[in-house]
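Close look at the chain arrangement
Single-letter residue listing:
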Amino acid sequence: EDQVTQSPEALRLQEGESSSLNCSYTVSGLRGLFWYRQDPGKGPEFLFTLYSAGEEKEKERLKATLTKKESFLHITAPKPEDSATYLCAVHDSWGKFQFGAGTQVVVTP
Amino acid sequence: EAGVVQSPRYKIIEKKQPVAFWCNPISGHNTLYWYLQNLGQGPELLIRYENEEAVDDSQLPKDRFSAERLKGVDSTLKIQPAELGDSAVYLCASSGQPSTGELFFGEGSRLTVL
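The sections below set out a description of the structure shown in this document. This structure is a prediction, so every number in the text was calculated from the model and none was measured.

Turning our attention to the packing of aromatic side chains. One pass over the structure, following the stated rule, counts 11 aromatic pairs over all chains. Note on F99 of chain A and F105 of chain B: the rings are 6.2 Å apart at their centroids and 75 degrees apart in plane angle, and the pair reads as edge-to-face. One end of the pair, F99 of chain A, is in strand β10 (residues 97-99); the other, F105 of chain B, is in strand β10 (residues 104-105), on a second chain. Using a relative accessible area of 6% as the deciding quantity, one classes F99 of chain A as buried. An angle of 40 degrees between the planes, with centres 6.5 Å apart, marks the rings of F65 of chain B and Y90 of chain B as tilted. One end of the pair, F65 of chain B, is in strand β7 (residues 65-68); the other, Y90 of chain B, is in strand β9 (residues 88-95), with 25 residues separating them in the sequence. Its relative accessible area of 5% is what places F65 of chain B among the buried residues. Y90 of chain B sits in the buried class, given a relative accessible area of 0%.

Pasting the structure below:
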């Protein structure tokens, strides 16, 4: 059975204080690893897809990387508007998407 | 382009009553998902449709939950009867290309069972 574990559960950052979120996974036949952002009261919003170890994707202050066992979401010089819950998900060979529990990020001015 | 539309946004019912949620996916998206999300947790898949066909309903509690997607467009998720533990957010998502991982989610329907 696929497992996705995200750490830490919560992260409080000062504006400009860079940090990384971790997503470790076990999956039968990884077809892709995805990062989503979720704001309170909203549905998740797609950020990135990573397909193979060594791949990197960037979007504004966010950078996602992938190894064979885990993925990292780096937040560089965060701003208060980066406050959200960040969800990691894996897509396996059966076509299933398995989400992690998320990391709640709060960025204070 | 309109996003995924869900209704109602909020529903409060007594236990043992029935409830239904409706989802209109993005036009042209063949794949539709219903997820359940508890507070502080990630979404958990209930059912996945490819057009009209339910291709993965292994996590759907079939004794009380049912879903349909007539004509391969709109979908309805029903709970009958509701239990206290069903209180959660029910999310609908659609995708034109699931392999890309890009699922488009609606804002969800928040259910409270009293």
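Across the boundary between the two partners, chain A contributes 19 residues, which contact 21 residues of chain B. Taken together, the connections running from chain A to chain B amount to two salt bridges. Residue K96 of chain A is joined to D56 of chain B by a salt bridge in which the shortest nitrogen-to-oxygen separation is 2.5 Å. On the surface where chain A and chain B come into contact, there are six residue pairs in polar contact (both at pLDDT 80 or more). Of all the secondary-structure elements, those providing two or more residues to the side of chain A that touches chain B are β4 (32-38), β5 (45-50), β9 (84-91) and β10 of chain A.

The subject of this paragraph is the pairing of strand β11 (residues 109-113) of chain B. Residue and element names in this part refer to chain B. With burial as the criterion, only one face of β11 is covered, namely that bearing S109, L111 and V113; the residues R110 and T112 on the opposite face remain uncovered. In this structure, strand β2 (residues 10-13) lies alongside β11, joined through four bridges in parallel fashion. Paired with K11 across the two strands is L111, which belongs to β11. The pairing of β9 with β11 spans three bridges and is antiparallel.

With that settled, the discussion passes to the pattern of salt bridges. Pairing is possible between side chains that carry opposite charge, provided their charged atoms lie close to one another. Residue and element names in this part refer to chain A. Enumeration over the complete set of coordinates arrives at 11 salt bridges over all chains. Between D82 and R61 there is a salt bridge whose closest N-O contact spans 2.8 Å. Of this pair, D82 sits in the loop between β8 (70-75) and β9 while R61 sits in the loop between β6 (56-59) and β7 (62-66), and the two are 21 residues apart along the sequence. For D82, a relative accessible area of 7% translates into the label buried. Judged by its relative accessible area of 19%, R61 is buried.

Attention shifts here to the side chain of H29 of chain B. Residues and elements named next belong to chain B. Relative to the helices and strands, H29 resides in the loop between β3 (19-24) and β4 (31-37). According to the relative accessible area criterion, H29 is buried, its value standing at 13%. Within polar-contact distance, the side chain of H29 engages the side chain of S94 at 2.8 Å. Beyond its immediate sequence surroundings of up to four residues, H29 is in contact with R69, S94, S95, G96 and F104.

Here we take up the state of the cysteines. Residues and elements named next belong to chain B. In total, this model carries two disulfides over all chains according to the counting rule given. Residue C23 pairs covalently with C92 via a disulfide, S to S 1.9 Å. The sign of the -70 degrees torsion about the S-S bond sets the C23-C92 disulfide as left-handed. Of the two residues, C23 sits in strand β3 while C92 sits in strand β9, which places them 69 residues apart along the sequence. On the basis of relative accessibility, which here comes to 0%, the residue C92 falls in the buried class.

Parameters at a glance
Residues numbered from 1 in each chain as written. Chains lettered and ligands numbered in written order. Predicted model: local features only at pLDDT ≥ 70, side-chain atom pairs only at ≥ 80, totals over all residues. Heavy atoms only, no water. Phe/Tyr/Trp six-rings, centres within 6.5 Å; stacked < 30°, edge-to-face > 60°. Helix = DSSP H or I, 4+ residues; strand = E, 2+ residues; numbered from the N terminus. Buried < 20%, exposed > 50% of the residue type's maximum accessible area, 1.4 Å probe, protein only. Contact = heavy atoms within 4.5 Å. Salt bridge = Lys/Arg side-chain N within 4 Å of Asp/Glu carboxyl O. Polar contact = N/O pair within 3.5 Å; in protein donor to acceptor, adjacent residues only side chain to side chain. Pairing = 2+ DSSP bridges. Disulfide = S-S within 2.5 Å.

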